[in-house]
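Here is how the chains run, residue by residue.
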Amino acid sequence: MQRYLFGFVIGAAALGWLLAQIDGSGSLAETMSLLKTLFLSVLKMVVAPLVFFSLLAGILRLRAAAELTRLSTVTLIYYLCTTAIAVSLGLVAVFWIHPWSAVPPPAELAATTAAFTAEDAAFTQAQSFTGLLAALVGRMFVNPFAALAELNILGIVVGGVVLGLALLLALPKESRVPAAIDEITVAVYRIAGWAVMLVPLGVLAIVYQMSTSSGAQLLQGLGAFVVLVVAVTLGHGLVVLPLIAWLAGGRNPVAFARHAGRAFVVALSTSSSAATLPVTFQAAQSLRVGRTTASFVLPLGATINMDGTALFEGIAAVFLAYLFGIELGPLATATVFLLAMMSSIGAPGIPSGSMAAMQMVLLAVGIPLEGIAVLLLVERPLDAVRTAVNVEGDLVGSLVATRFAGTR
Ligand code: ASP
């Protein structure tokens, strides 16, 4: 399915470029503009419930985890720390290197931005630190219904987390509410799947508009983006995680790679941590991780621990901000950091699972959703590489949990 979708996207992009070259009358341009509006409106329709319910379901899943206190504490600390390291690595690399800055951002993309950021003017223009903080607090603590209606992502995230924690503490053990929320989340994912069907058309329309004037610049920038993402992801996968496996998990990197190799190959070819799970279990077994530990750490990791995804989202947000002419100040960068972590936790371990959750990072700092279409052009290879690192992070987590939680 994923391969067909990818083929569609590339085909749509090529067709868009071709049509842009031959449209003389301009009526095609109007049709494309209509298609683009349809695509972006549908995306915006899904994103609020998607963020809210996937976050809520994710937090309620911790109920089961709470029963294994020591193991879950070690595992969650490991997941949060390595995800934070991954996003930091991505953000440091992107601010330090930013290879695309030699390519000027296409002017018409920056024009699209104006409409999106107008509403966030107070947020982006506040000068003093307390002014920024006040703007941030004003967007975080709002009536949750208003946040959902206005697509205020920070407000939705805060509302979801507060309600999730309250439910976690207040519900009796036998409550059916978590299961019901899980089921609603499945339905919301289904709706998101329908929205995804519009992707080829949306990409066709957006690439059509871009290629009327900015095609070459965009491609150059995208090339630099791909190289940077792959390099930093490999840095995390080949240096940081093996080092943690060695120092905190007691496994030397060569032995680790030998046992985990097959899981990496499957992750690379399926682009899904969830689909790779059976092979990840085998790898954990051959690394002598106990059954209790593996059966807790690995499935949880496949849903909430995604280092490669978090790192990708950080770099992608900064790249798209540049492309759309948005200046990211310290507060917006902190927002990207936090939301990249959150959305990697909320993203499902399926091919392109992060594409829907990623919208919350973009919207929170005023990047138009067209950005997703730009990312989709290079999604397939990047998804493969980041999924392999996601799976590697889970396996290293199982070693760390074995060492520190002492479960078998
Ligand atoms: N494909 C990734 C995974 O399954 C999720 C994503 O980043 O899209 O781990």
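Residues numbered from 1 in each chain as written. Predicted model: local features only at pLDDT ≥ 70, side-chain atom pairs only at ≥ 80, totals over all residues. Heavy atoms only, no water.

Focus on the overall build of the chain
The condition is simple: A helix here means a DSSP run of H or I that spans at least four residues, while a strand means a run of E at least two residues long, and both kinds are numbered starting from the N terminus. Relative accessibility under 20% of the residue-type maximum defines a buried residue, over 50% an exposed one, and the middle range a partly exposed one, all with a 1.4 Å probe and only protein chains included. Contacts are assigned to residue pairs that have any heavy atoms within 4.5 Å of one another. Areas reported as accessible are Shrake-Rupley estimates using a 1.4 Å probe. Residue values count occlusion only from the protein chains shown.
Broken down by element type, the chain carries 19 helices and zero strands. Every one of the 408 residues in the chain was classed for burial, and the buried ones make up 54%. A separation of at least 24 residues holds for 84% of the contacts in the chain among residues at least 6 apart in sequence. If you sum the accessible surface of the chain, you get close to 17,900 Å²; carbon and sulfur atoms cover 71% of it.

Remarks on the site of the ligand
As a reminder, the rule being used: Any residue with a heavy atom lying within 4 Å of a molecule or strand is counted as near it. Here a polar contact means two N or O atoms within 3.5 Å. Within protein one must be a hydrogen donor candidate and the other an acceptor candidate, and residues neighboring in sequence count only if both atoms are side-chain atoms.
In the vicinity of the ligand, 15 residues are found, and the nearest of them are Ser273, Thr309, Gly353, Asp383 and Arg386. Between the ligand and the protein, one listed contact pairs a nitrogen atom with a side-chain N or O atom of Asp383 at 2.7 Å. A distance of 2.9 Å separates an oxygen atom of the ligand from a polar atom in the side chain of Asn390. Computed on the free molecule, the ligand has an accessible area of 270 Å², of which 100% lies beneath the protein chains in the complex. Every element with two or more residues in the shell around the ligand is listed here: helix H17 (353-364) and helix H19 (379-405). Ranked by residue count, the leading element in the shell around the ligand is H19, at four residues.

Side note on the side chain of Glu379
Mapping Glu379 onto the fold places it in helix H19. When neighbours within four sequence positions are excluded, Glu379 is seen to be in contact with Phe312, Ser352, Met355 and Arg386.

Thoughts on helix H3 (residues 69-97)
Stated formally: Multiplying one less than the number of residues by 1.5 Å gives the expected span of a helix.
Here H3 contains 29 residues, and its C-alpha end-to-end distance of 42 Å stays within 8% of the 42 Å for a straight helix at 1.5 Å per residue. His98 sits one or two residues past H3 and shows a positive phi near 20 degrees.

A few points about unusual backbone geometry
In this structure, Arg288 takes a positive phi of about 65 degrees despite not being glycine. In this fold, Arg288 is placed in the loop between helix H13 (273-286) and helix H14 (291-304). Accessibility expressed as a relative area gives 60% for Arg288, which makes it exposed.

Quick notes on the environment of Trp246
When you line up the elements, Trp246 lands in helix H11 (residues 215-247). Trp246 gets classed as partly exposed once you look at its relative accessible area, which sits at 46%. Separated by 153 residues in the primary sequence, Trp246 and Leu399 have C-alpha atoms spaced 9.4 Å apart. In contact with Trp246, not counting residues within four places along its chain, are Arg251, Asn252 and Pro253.

Re the packing of aromatic side chains
Note the following rule: Pairing of aromatic side chains requires ring centres within 6.5 Å, counting the rings of Phe and Tyr and the six-membered ring of Trp. Pairs whose planes differ by under 30 degrees are stacked, by over 60 edge-to-face, and all others tilted. Note on criteria: charge over ring means Lys NZ or Arg CZ within 6 Å of the ring centre, with the direction from the centre no more than 35 degrees off the ring normal.
Counting across every chain of the model gives five aromatic pairs. When the centroid spacing of 6.3 Å and the interplanar angle of 55 degrees are considered together, the rings of Phe225 and Phe312 count as tilted. In this pair, Phe225 sits in helix H11 while Phe312 sits in helix H15 (residues 307-323), placing the two residues 87 residues apart along the sequence. Grouped by ring-pair contacts, the aromatic residues Phe225, Phe312 and Phe319 constitute a single cluster. Looking at Arg386, its charged tip hangs above the ring of Phe312, at a distance of 4.3 Å from the centre.

Comments concerning the confidence of the model for the chain
Note the following rule: The predictor rates its confidence in each residue with pLDDT, a number between 0 and 100.
On average, residues of the chain score 82 in pLDDT, and 84% of them are at 70 or above. Looking over the chain, one finds the lowest element-wise mean pLDDT in helix H5 (residues 121-125), namely 49, and the highest in H15, namely 94. Per-residue pLDDT stays below 50 along residues 114-119; that stretch engages in nine contacts with residues further than four places along the chain or on separate chains.

Quick notes on the nonpolar core
Our working definition: Put simply, buried Ala, Val, Leu, Ile, Met, Phe, Trp, Tyr and Cys residues joined by side-chain atoms within 4.5 Å make one nonpolar core.
Counting residues in each nonpolar core, the largest one holds 76 residues, and the members touching the most others are Phe225, Phe312, Ile315 and Leu320. Formed by 36 residues, the second largest nonpolar core is a distinct cluster that contains Leu71, Phe296, Ala388 and Val391.

Notes on the packing of H3 against H15
Note the threshold: For helices, the fitted axis covers only the stretch in contact; all axes are lines through C-alpha atoms, and the angles between them, taken along N-to-C directions, range from 0 to 180 degrees. The scheme is simple: roughly parallel for angles under 35 degrees, roughly antiparallel for over 145, roughly perpendicular for 65 to 115, oblique for anything else. In this scheme the crossing of two helices becomes right-handed for a clockwise turn of the near helix relative to the far one and left-handed for an anticlockwise turn of less than a right angle. Following the grouping adopted for this structure description, the nonpolar residues are Ala, Val, Leu, Ile, Met, Phe, Trp, Tyr, Cys and Pro, the charged ones are Asp, Glu, Lys and Arg, and the polar ones are all others, Gly among them.
Between H3 and H15, whose axes approach to 8 Å, the crossing angle comes to 30 degrees. Comparing their axes, H15 and H3 come out roughly parallel. The crossing of H3 and H15 is right-handed. Contact residues: Thr82, Thr83, Ala86, Val87, Gly90, Leu91, Val94 and Phe95 in H3; Asp307, Ala310, Leu311, Gly314, Ile315 and Val318 in H15. Taken together, the residues of the contact of H3 with H15 sort by class into nine nonpolar, four polar and one charged.

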